[in-house]
Amino acid sequence: MQQDTPQRVKKWSSKSIGSRFQHWIFYTLIRLGGRGAAYLLLRCVVFYYVLFSPSVRRRCFPYLSRRFPQRQGLARLVDCYRLSLGIGEVLVDRAALGILGTEGLTVDQADQARLEDLVGRGQGLILVTSHVGSWQGAMAVLKFLATPVNLLIHRQEGDLDRHFFEHGGENPFRVIDPAGYLGGTLEMMGALKRGEIVCIMGDRAMGSESGTIKDNFLGGEVAFPYSPYKLAAATGAPIALIFPVKTSATSYALNLARVLSVPHLGGRSGEPYRPFVKEYVAELERFTAEHPYQFFNFFDMWEDGAATTGKR
């Protein structure tokens, strides 16, 4: 295997690595043999890509070089394999959820009572989640709240990975595109005023959203969006920080880490929201410490690139 040359992977892209035919193979295998059969093929596919595709290793490197800065050589290769297998299993689970339904997949609902209480206040609820675990698997069981759920999702042209609700059947969510007018802000405010749930990613600014605050994450500066906290201040809706985690081959946990109440702070600057961004980042860093192979931001979030040197 050729040694990779250090390169930065700065620009985020949602485009799939595999071809349409490769996706079809996995979808067919899920239909015929279930999630377990797809997992077996996945291990072979991931092994091949990690071993022979420098671009796949480079996608893993910005995060792994900061999470495990001392790892080199074979140890770094194993990290790439485990991280790539992690996202692969999540994509299989997502497809299986849409193709086979919720049968065979369980979600620990230990936080159900807290979420129901938050929704019951009638002010709406903002779920700030991240590209960790299987947030879509967790969203699928939120039907127990009997409350409409709005997802902020941006689809990039060329992205072949289907969301679970795109495999047929009725979409249980209302999708808001952040690339739309004002980043979907008016739609989100309307949903919250109706007492609904709005789900926003806290680890990546998308679409026309430009307001970010820099904070230290895994030893480097990263720009995090402050719009969820500004939205909470404007509407009075509470914020629940959730970090869905895969706990076994067939189970997930919602992992409600913290509930935030953001007062009306006023002003156009994002600086008043810095304390809330920092609380989110602290929880995200805690998650990566406990579940290092379930963080799936495959691009260079950091600005200085200081940890992107060395062998791998």
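Our structure's up above, just so we're on the same page.
Residues numbered from 1 in each chain as written. Predicted model: local features only at pLDDT ≥ 70, side-chain atom pairs only at ≥ 80, totals over all residues. Heavy atoms only, no water.

A. Fine view of the sheet that holds strand β9 (residues 245-248). Taken in spatial order, the three strands line up as β1-β10-β9 in an open sheet, and their pairing is mixed. In this open sheet, the two edge strands, each paired with only one partner strand, are β1 (106-108) and β9. Within this sheet the neighbouring strands show an average axis-to-axis angle of 35 degrees, counted without direction. Pairing of β9 with strand β10 (residues 251-253), which is carried by three bridges, proceeds in the antiparallel orientation. Bridging across to β10, Ser248 finds its partner in Ser251. (Pairing = 2+ DSSP bridges. Helix = DSSP H or I, 4+ residues; strand = E, 2+ residues; numbered from the N terminus. Axes fitted to C-alpha atoms, helices over the stretch in contact; angles between N-to-C directions.)

B. A look at the packing of helix α1 (residues 20-52) against helix α3 (residues 73-100). Relative orientation of the contacting elements α1 and α3 amounts to 160 degrees, with a least axis distance of 9 Å. As the angle between them shows, α1 and α3 are arranged roughly antiparallel. The interaxial crossing formed by α1 with α3 has right-handed handedness. Each residue belonging to the contact of α1 with α3 can be placed in one class, and the counts come to 19 nonpolar, three polar and five charged. (Parallel < 35°, antiparallel > 145°, perpendicular 65-115°, else oblique. Left-handed = near helix turned anticlockwise from the far one by under 90°. Nonpolar A, V, L, I, M, F, W, Y, C, P; charged D, E, K, R; others polar.)

C. Geometry of the side chain of Asp300. On the secondary structure map, Asp300 appears in the segment after α8 (274-290). On the basis of relative accessibility, which here comes to 1%, the residue Asp300 falls in the buried class. Among the polar contacts listed, one links the side chain of Asp300 to the backbone nitrogen of Trp302, at a separation of 3.0 Å. (Buried < 20%, exposed > 50% of the residue type's maximum accessible area, 1.4 Å probe, protein only. Polar contact = N/O pair within 3.5 Å; in protein donor to acceptor, adjacent residues only side chain to side chain.)

D. Highlighting helix α7 (residues 227-235). The complete set of buried residues in α7 reads Pro228, Tyr229, Leu231, Ala232, Ala233 and Thr235. Among the residues trailing α7, Gly236 stands out with phi positive, at a value near 80 degrees.

E. Examining the pairing of strand β7 (residues 220-225) more closely. Bridge analysis of strand β6 (residues 212-217) against β7 gives six bridges, and the strand direction is antiparallel. Paired with Phe217 across the two strands is Gly220, which belongs to β7. Two successive antiparallel strands, β6 and β7, enclose a turn made up of two residues, where Leu218 displays a positive phi of approximately 55 degrees.

F. Region of the structure containing the packing of aromatic side chains. Summed over the entire model, instances satisfying the criterion amount to 13 aromatic pairs. Judged by centre distance (4.8 Å) and plane angle (50 degrees), the rings of Tyr63 and Phe295 are tilted. Of this pair, Tyr63 sits in helix α2 (residues 54-67) while Phe295 sits in the segment after α8, and the two are 232 residues apart along the sequence. The class of Tyr63 is buried, set by a relative accessible area of 2%. Given the relative accessible area of 1%, Phe295 is considered buried. Measuring from ring centre to ring centre gives 6.0 Å for Phe217 and Trp302, while their planes differ by 5 degrees; the resulting arrangement is stacked. With Phe217 in strand β6 and Trp302 in the segment after α8, the pair connects residues that are 85 residues apart, well separated along the chain. Here Phe217 and Trp302 have matching classes, each one buried. (Phe/Tyr/Trp six-rings, centres within 6.5 Å; stacked < 30°, edge-to-face > 60°.)

G. Inspection of the sheet that holds strand β5 (residues 197-201) at higher detail. Strand order across the open sheet formed by six strands is β4-β3-β5-β2-β8-β11, with mixed pairing between neighbours. Of all the strands in the sheet, the pair left with one neighbour each is β4 (173-176) and β11 (256-260). In this sheet, adjacent strand axes meet at a mean angle of 25 degrees when their direction is disregarded. Bridging between strand β2 (residues 125-129) and strand β8 (residues 239-242) involves three bridges; their strand directions are parallel. Opposite Val128, over in β8, you have Leu241 as the bridge partner. The sheet contacts of helix α6 (residues 185-193) involve β2, β3 (149-152), β4 and β5, and relative to β5 the element is tilted by about 140 degrees. (Contact = heavy atoms within 4.5 Å.)

H. Quick look at the environment of Ala146. Within the secondary structure, Ala146 is located in the loop between α5 (135-140) and β3. Of the residues examined, Ala146 reaches a relative accessible area of 70% and is grouped as exposed. A sequence separation of 30 residues divides Ala146 from Glu116, and the C-alpha atoms of the two residues are 9.2 Å apart.

These values are about where atoms sit, not about what they do.
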